[in-house]
Amino acid sequence: MGPFRDEGALREAMVAELLALGTIRDDAVAAAFRAVPRHRFAPGTDPADAYAVHTAVVTKRDEHGVPVSSVSAPEIQALMLAQAGIEPGMAVLEIGSGGYNAALIAELVGPGGAVTSVDIDPDVTGRARRLLADTGYSRVRVVLADAEHGVPEHAPYDRIIVTVGAWDVPPAWIDQLTPDGLLVVPLRVRGLTRSMALARVGDRLVSRSSTACGFVLIRGAGAHAERVVPLRGKEVVVRFDDDDEPGVGEPDLDGVPATDRVEVWTGVVVDAAEPVEDLQLWLATTLPGAGALVAAPGANLVAPGNRWFPQAAVRGGAVAYLVSRPVAGDRFELGAHAFGRRADELAGAFAERITAWDGRRDGPGPVFTVWRGTSGDPPASGTVIRKRHSRVTVTWPDAEG
């Protein structure tokens with residue numbers, strides 16, 4: 001069996017797996033994945049790796065070896081295309097180029113639609129332009145520009161799909177949408193990234209769906225650096241993603257893990273395979289001082305057999321973080337560890353939030369609203385997170401406390 005037939009079989013197997021997972025949800029998206037030769041957009045990569053459903057293909061790294069451009073995993077691409085609901089004849093802007101995803105979009109909009117792909121990196125746009133032409137998708141416009149400003153010359157767009165991790169939603173992304181347009185963006189909220197389908201409602205955006213994901217971070221004017229607070233030198237730190245988080249203004253916490261550890265267990269039990277993304281977001285958006293705990297291997301934050309999670313909070317000279325311990329089979333009890341002054345109070349507050357989540361864990365997921373501008377409070381309930389250009393509110397329908 002020759003290489004061409006091998007690649008065709010790999011492509012069909014990819015589509016079959018995506019259908020089985022439920023990430024491909026309609027015939028048009030399935031047809032697009034069948035039509036576009038993914039391996040042609042990942043030259044130098046083993047075709048079996050190029051078509052692996054859960055695997056992204058890194059196409060460029062910076063001088064430190066950090067990925068700055070990639071062909072996203074088919075699973076996340078299918079998910080975002082399902083969120084976007086692209087129809088024939090639409091005008092679509094893709095932010096973050098590479099070629100393959102733009103080709104999928106071109107298949108969905110058809111000859112009556114228009115696809116514009118923008119990237120800040122000339123290496124990326126040059127490569128995308130070449131690969132798109134080589135595979136028969138030269139009708140895709142590839143633009144070299146900072147996507148912070150969109151691409152106004154081809155606006156308005158029925159859909160804007162962002163394929164890099166964004167910290168904020170700049171005004172241009174709202175202004176360049178049609179009145180009933182949709183923005184699909186991996187947006188960071190309190191350090192956690194979710195692919196959100198945001199519908200335009202006047203001058204704001206309201207989420208229709210969201211799911212946890214990970215992406216290469218955006219570059220250019222939209223880039224944002226986290227603040228790092230050391231707890232044990234460089235070995236254990238807490239990262240704060242948003243400048244208005246209460247924990248950012250905390251005093252020096254270096255050395256706090258050397259104090260006596262406080263443990264609080266909640267009686268809340270989860271299966272080992274149960275996703276905890278909603279719990280982490282719940283803690284990040286309902287517990288003041290939320291941040292992400294990052295520790296080097298061997299930091300010994302929990303007893304053997306227990307697990308710790310990145311979700312943490314800092315308050316009043318204390319730090320607490322999410323932990324679990326085995327209780328039976330593949331089931332784990334959730335709790336909190338805390339160190340520092342008044343660690344017992346913070347561990348108790350952390351545990352209370354876990355218990356509150358348990359009371360609504362089968363309820364509806366969060367709703368995100370992006371409001372233009374940074375001044376004043378939005379006319380809505382929920383946690384308000386202030387960005388550079390916008391305010392994001394996060395509400396949990398039917399939540400108590």
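Thresholds, definitions, all that
- Residues numbered from 1 in each chain as written.
- Predicted model: local features only at pLDDT ≥ 70, side-chain atom pairs only at ≥ 80, totals over all residues.
- Heavy atoms only, no water.
- UniProt positions renumbered as here; feature names shortened; annotations may be inferred.
- Axes fitted to C-alpha atoms, helices over the stretch in contact; angles between N-to-C directions.
- Helix = DSSP H or I, 4+ residues; strand = E, 2+ residues; numbered from the N terminus.
- Parallel < 35°, antiparallel > 145°, perpendicular 65-115°, else oblique.
- Left-handed = near helix turned anticlockwise from the far one by under 90°.
- Contact = heavy atoms within 4.5 Å.
- Nonpolar A, V, L, I, M, F, W, Y, C, P; charged D, E, K, R; others polar.
- Phe/Tyr/Trp six-rings, centres within 6.5 Å; stacked < 30°, edge-to-face > 60°.
- Buried < 20%, exposed > 50% of the residue type's maximum accessible area, 1.4 Å probe, protein only.
- Lys NZ or Arg CZ within 6 Å of the ring centre and 35° of its normal.
- Pairing = 2+ DSSP bridges.
- Domains from an automatic or database assignment.
- Buried area = accessible area lost by both parts, 1.4 Å probe.

Per an unreviewed UniProt entry, the chain carries the name Protein-L-isoaspartate O-methyltransferase and comes from Saccharothrix australiensis. For the record of the chain, the UniProt heading Subcellular location (unreviewed entry) holds the text "Cytoplasm". Under Sequence similarities (unreviewed entry), UniProt gives the following word-for-word description of the chain: "Belongs to the methyltransferase superfamily. L-isoaspartyl/D-aspartyl protein methyltransferase family."

S.K.: Quick question: what am I supposed to make of the packing of helix α2 (residues 27–35) against helix α5 (residues 100–109) here?
M.R.: Between two packed helices, both the angle of their axes relative to each other and the distance between the axes serve to describe the pair. Interaxial distance between α2 and α5 falls to 9 Å at its minimum, and their mutual angle equals 130°. If you check the angle between α2 and α5, you find them oblique. At the point where α2 passes α5, the crossing takes the right-handed sense. Here Ala28, Val29, Ala32, Phe33 and Ala35 of α2 come into contact with α5, specifically with Tyr100, Leu104, Glu107 and Leu108. Class assignment for the residues of the contact of α2 with α5 results in eight nonpolar, no polar and one charged.

S.K.: Would you explain the packing of aromatic side chains in this entry?
M.R.: Applying the stated criterion across every chain yields a total of four aromatic pairs. Between Phe33 and Tyr100, the aromatic rings sit 6.4 Å apart at their centres with planes inclined by 70°, giving edge-to-face as the arrangement. Within this pair, whereas Phe33 is found in helix α2, its partner Tyr100 is found in helix α5, the two being separated by 67 residues in sequence. Each member of the pair, Phe33 as well as Tyr100, carries the same accessibility label: buried. With centroids separated by 5.4 Å and ring planes inclined at 80°, the aromatic side chains of Trp282 and Trp396 adopt a geometry described as edge-to-face. Note that Trp282 is positioned in helix α8 (residues 277–286) and Trp396 in the segment after β19 (390–395), a separation of 114 residues in sequence. Each member of the pair, Trp282 as well as Trp396, is classed as buried. Through a chain of ring-to-ring contacts, three or more aromatic side chains come together here, namely Phe33, Phe41 and Tyr100. Just above the ring of Phe332 sits the side chain of Arg307; from NZ or CZ to the centre is 4.5 Å.

S.K.: Just to check I follow, could you spell out the sheet that holds strand β7 (residues 177–189) for this structure?
M.R.: What holds strands together in a sheet is hydrogen bonding between their backbones, with the strands either parallel or antiparallel. Taken together, the 10 strands give an open sheet; going across it, the order is β5-β4-β3-β6-β7-β8-β9-β17-β19-β18, and neighbouring strands pair in mixed fashion. Each of the sheet's edge strands pairs with one partner strand only, and the pair in question is β5 (141–144) and β18 (383–386). Between one strand and the next, the sheet's axes are offset by a mean angle of 20°, whatever the strand orientation. One ladder, built from eight bridges, connects strand β8 (residues 192–201) with strand β9 (residues 204–212); its direction is antiparallel. Residue pairing in the sheet places Arg194 in a bridge with Ala212 of β9. Contacts from helix α4 (residues 74–84) reach β6 (157–162), β7, β8 and β9, with the element oriented near 145° to β7. Docked against the sheet, α5 engages β3 (91–95), β4 (114–119) and β6, running at close to 165° with respect to β4.

S.K.: Teacher, can you tell me more about the sheet that holds strand β11 (residues 236–240) here?
M.R.: Ordered in space as β10-β11-β13-β14-β15-β16-β12, the seven strands form an open sheet in which the pairing is antiparallel. The two strands at the open ends of the sheet, each matched to only one other strand, are β10 (227–232) and β12 (262–271). This sheet shows a mean twist of 30° between the axes of neighbouring strands, independent of strand direction. Sheet topology places strand β14 (residues 307–315) next to strand β15 (residues 318–328); six bridges connect them, and they run antiparallel. Counterpart to Ala313 in the pairing with β15 is Ala320. Of the strands in this sheet, β13 (290–295), β14, β15 and β16 (331–340) are in contact with α8, which crosses β14 at around 10°.

S.K.: Sorry if this is basic, but what is going on with the domain arrangement of the chain here?
M.R.: Reports of interface size often rely on the accessible area that becomes lost once the parts have come together. Its domain assignment divides the chain into domain 1 (7–212) and domain 2 (227–359). On a C-alpha basis, the centres of domain 1 and domain 2 stand 34 Å from each other. Contacts between the two partners involve eight residues from domain 1 and, on the opposite side, 11 residues from domain 2. Each partner contributes to the roughly 930 Å² buried at the junction of domain 1 and domain 2, and carbon and sulfur atoms together form 50% of this total. Of all residues in domain 1, Arg190, Leu192 and Arg194 give up the largest surface area on contact with domain 2, accounting jointly for 67% of the area buried on that side.

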